[in-house]
Amino acid sequence: MTAPGPPGERRLYRICDAMHLLSMSRSVIYEQIRAGRLRSITQGRTRLIPASAISDYIALLEREARAS
């Protein structure tokens, strides 16, 4: 398990926040979640993207860019 970050550092992002961080539309974010490329969790009715999932997704995109 990962140790908590410094106070004030966000560890979970709402879909709209992930849209801004990744410069992607809402539909593309959900498409990547459905495809299993971007991990998410649900808390009640809210879908959240862990900060680690955003980092992992960016690393995946970088690996794919190097491979092509």
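A brief look at the structure comes next. (Residues numbered from 1 in each chain as written. Predicted model: local features only at pLDDT ≥ 70, side-chain atom pairs only at ≥ 80, totals over all residues. Heavy atoms only, no water.)

1. Some points on the environment of R37
Using the following cut-off: Only DSSP runs of H or I covering at least 4 residues are called helices, and only runs of E covering at least 2 are called strands; the numbering of each starts at the N terminus. Throughout, a contact is declared for two residues whenever any of their heavy atoms are within 4.5 Å. Here a polar contact is taken to be a pair of N or O atoms separated by no more than 3.5 Å, where protein atoms must pair a possible hydrogen donor with a possible acceptor and residues adjacent in sequence count only if both atoms sit in side chains.
Structurally, the position occupied by R37 is in the loop between α2 (26–34) and β2 (41–43). Between the C-alpha atoms of R37 and D56, which are 19 residues apart in sequence, the distance is 8.9 Å. Excluding its chain neighbours within four sequence positions, the residues that come into contact with R37 are Q32, Y57, L60, L61 and E64. Here the side chain of R37 touches Q32 through a polar contact of 2.6 Å, side chain to side chain. A polar side-chain atom of R37 sits 2.7 Å from a polar atom in the side chain of E64.

2. Overview of the side chain of Q32
Looking at the element boundaries, Q32 is found in helix α2. Within polar-contact distance, the side chain of Q32 engages the side chain of Y57 at 3.2 Å. Apart from residues lying up to four places away in sequence, Q32 is in contact with R37, L38 and Y57.

3. Looking at the pairing of strand β3 (residues 46–50)
Rules: Note: two strands are recorded as paired if DSSP finds a minimum of 2 bridges between them.
Where strand β1 (residues 12–14) lies against β3, three bridges are found, and the strand directions are antiparallel. Counted as the bridge partner of L12 is P50 from β3. Note: β2 against β3, three bridges, orientation antiparallel. Residue I41 lies in a different strand from β3, and its bridge partner there is L48. Hairpin connection from β2 to β3: two residues lie between these consecutive antiparallel strands, with G44 at a positive phi of about 65°.

4. Observations concerning the sheet that holds β2
Our working definition: Axis lines are fitted through C-alpha atoms, for helices just across the contact stretch, and the angle between N-to-C directions can take any value from 0 to 180 degrees.
With antiparallel pairing, the three strands of this open sheet are ordered in space as β1-β3-β2. Sheet topology places β1 and β2 at the edges, where each strand pairs with a single neighbour. With direction set aside, neighbouring strand axes in the sheet form an average angle of 45°. Running over the sheet, helix α1 (residues 15–22) touches β1 and β3 and is turned about 95° from β1.

5. Notes on the packing of α1 against α2
Heads up, the rule is: In this scheme, roughly parallel covers angles under 35 degrees and roughly antiparallel covers those over 145, while 65 to 115 is roughly perpendicular and the rest are oblique. All amino acids are sorted into three groups, where Ala, Val, Leu, Ile, Met, Phe, Trp, Tyr, Cys and Pro are nonpolar, Asp, Glu, Lys and Arg are charged, and the leftover types, Gly among them, are polar.
Two elements in contact, α1 and α2, have axes separated by 9 Å at closest approach and are oriented at 100°. Comparing their axes, α2 and α1 come out roughly perpendicular. Contacts between α1 and α2 involve I15, C16, A18, M19 and L22 on the former and, on the latter, R26, I29, Y30 and I33. The class makeup of the residues in the contact of α1 with α2 is eight nonpolar, no polar and one charged.

So, to be careful, I would describe these as geometric facts and stop short of saying anything about function.
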